[in-house]
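Listed below, chain by chain, are the residues.
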Amino acid sequence: MKVLRWLDHHVEELFLSVFLLTLIILTSANVVLRYVFNSGLTWSDEICKYCLIFSGFISISCWIRHKSGICVDALAQVVPGPVKMIFQVLVQLIVLAFFLLMFKGAISCWLAIKKSGQVSGTLQIPMTYVYMAPIIGFGLALLREVQNLVLGFVQRKKGGNEQ
């Protein structure tokens with residue numbers, strides 16, 4: 001159970017750390033190889049690009065998990081508590097609907113790429129693997145937004161304050 005709890009709190013950070021470490025190692029190695037030995041790794045740029053793509057999509061669920069997204073809360077600060085709570089739930093439902101639409105679009109795009117059989121330029125890997133990034137990212141974002149909604153309702157039911 002401790003492992004599941006740890007994964008719940010840190011799965012995004014784990015993947016983001018691995019991608020960042022990969023980016024740092026490959027980019028540094030390529031810089032040294034190019035400027036010291038006058039040769040570089042042709043495949044490292046492509047891997048770095050894919051790490052960056054996956055990092056971008058996985059970071060969406062990370063900021064949802066930590067509730068650290070950019071928001072304008074001027075109106076929420078001047079309304080009474082119950083109205084503020086309604087605004088918060090409404091915003092969460094809108095965000096949930098948005099990520100549901102994005103997830104659906106990502107699957108449609110992935111199916112089109114799979115049908116085309118496209119492969120990457122240097123590594124010749126199927127692009128379906130790269131196009132899994134938005135599916136994973138938006139899927140995790142959906143999961144985290146549902147998690148926030150459920151935890152918010154549980155907190156409200158217990159009489160606690162969500163912030």
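Here the structure is a predicted model, which means the values were calculated and not measured.

### Describing the environment of Ile-135
Thinking step 1. Along the polypeptide, Ile-135 turns up in helix H6 (residues 132–158).
Thinking step 2. For Ile-135 and Gly-117, which are 18 residues apart along the polypeptide, the C-alpha to C-alpha distance reads 18 Å.
Thinking step 3. In contact with Ile-135, other than residues within four places in its own chain, are Phe-103, Ala-106, Ile-107 and Trp-110.

### Here's the deal with the environment of Gln-124
Thinking step 1. Mapped onto the fold, Gln-124 is located in the loop between helix H4 (81–116) and helix H5 (127–130).
Thinking step 2. Exposure remark for Gln-124: the relative accessible area of 49% places this residue in the partly exposed category.
Thinking step 3. There is a polar contact of 3.0 Å between the side chain of Gln-124 and the backbone oxygen of Ser-120.
Thinking step 4. Reaching out from Gln-124, the side chain makes a polar contact with the backbone oxygen of Gly-121 at a distance of 2.9 Å.

### So, the pattern of salt bridges
Thinking step 1. Enumeration over the complete set of coordinates arrives at four salt bridges.
Thinking step 2. A salt bridge links Asp-8 to Arg-65; the nearest nitrogen and oxygen atoms lie 4.0 Å apart. One end of the pair, Asp-8, is in helix H1 (residues 2–36); the other, Arg-65, is in helix H2 (residues 44–65), and 57 residues separate them in sequence.
Thinking step 3. For Arg-65, a relative accessible area of 17% translates into the label buried.
Thinking step 4. Via salt bridges that share partners, Asp-8, Glu-12, Arg-65 and Arg-144 belong to a single interconnected network.

### Observations concerning the side chain of Arg-65
Thinking step 1. Engagement of the side chain of Arg-65 in a polar contact is seen with the side chain of His-9, the distance being 2.2 Å.
Thinking step 2. With residues up to four places along the chain from it excluded, the contact list for Arg-65 reads Asp-8, His-9, Arg-144 and Gln-147.

### Section: the nonpolar core
Thinking step 1. Among the nonpolar cores identified, the biggest contains twelve residues, and these are Ile-60, Ile-64, Val-89, Leu-96, Phe-99, Ala-106, Trp-110, Ile-135, Phe-138, Ala-141, Leu-142 and Leu-149.
Thinking step 2. Setting aside residues no more than four positions away along its own chain, Ile-60 makes contact with Phe-99, Phe-138 and Ala-141.

### Looking at the environment of Val-130
Thinking step 1. Tracing the chain through its elements places Val-130 in helix H5.
Thinking step 2. A residue is classified by how much of its surface remains accessible, and Val-130, at 8% relative accessible area, is buried.
Thinking step 3. C-alpha separation for the pair Val-130 and Gly-105, spaced 25 residues apart in sequence, amounts to 15 Å.
Thinking step 4. For Val-130, the residues in contact, after removing those within four places along its chain, are Tyr-50, Ile-53 and Phe-54.

### A few points about the state of the cysteines
Thinking step 1. One pass over the structure, following the stated rule, counts zero disulfides.
Thinking step 2. Cys-51 provides the cysteine sulfur closest to Cys-48, a residue in no disulfide bond, and the two sulfurs are 6.3 Å apart.
Thinking step 3. A residue is classified by how much of its surface remains accessible, and Cys-48, at 11% relative accessible area, is buried.
Thinking step 4. Cysteine Cys-109 is unpaired, with the sulfur of Cys-51 as its nearest cysteine sulfur at 20 Å.

### Describing the UniProt feature "transmembrane region" (unreviewed entry) in the protein chain
Thinking step 1. The sites that carry the UniProt feature "transmembrane region" (unreviewed entry) are, in the present numbering, residues 14–35, 86–113 and 125–143.
Thinking step 2. Overall, residues 86–113 shows 100% helix and 0% strand. The separation of its end C-alpha atoms is 41 Å.
Thinking step 3. Across residues 125–143, the secondary structure splits into 84% helix and 0% strand, with the terminal C-alpha atoms separated by 29 Å.

### A few points about H1
Note on helix geometry: an α-helix contains 3.6 residues per turn, so any two residues three or four positions apart are oriented the same way.
Thinking step 1. The largest bend in H1 is about 65°, located at His-10.
Thinking step 2. Regarding H1, the residues found buried are Val-11, Glu-12, Phe-19, Leu-23, Leu-26 and Asn-30.
Thinking step 3. Tucked into the core, H1 has its buried residues touching H2 and H6.
Thinking step 4. Downstream of H1 by one or two residues, Asn-38 has phi in the positive range, about 55°.

The rules we used
- Residues numbered from 1 in each chain as written.
- Predicted model: local features only at pLDDT ≥ 70, side-chain atom pairs only at ≥ 80, totals over all residues.
- Heavy atoms only, no water.
- Helix = DSSP H or I, 4+ residues; strand = E, 2+ residues; numbered from the N terminus.
- Contact = heavy atoms within 4.5 Å.
- Buried < 20%, exposed > 50% of the residue type's maximum accessible area, 1.4 Å probe, protein only.
- Polar contact = N/O pair within 3.5 Å; in protein donor to acceptor, adjacent residues only side chain to side chain.
- Salt bridge = Lys/Arg side-chain N within 4 Å of Asp/Glu carboxyl O.
- Core = buried A, V, L, I, M, F, W, Y, C linked by side-chain atoms within 4.5 Å.
- Disulfide = S-S within 2.5 Å.
- UniProt positions renumbered as here; feature names shortened; annotations may be inferred.
- Bend = angle between axes of the 7 residues up to and from the residue.

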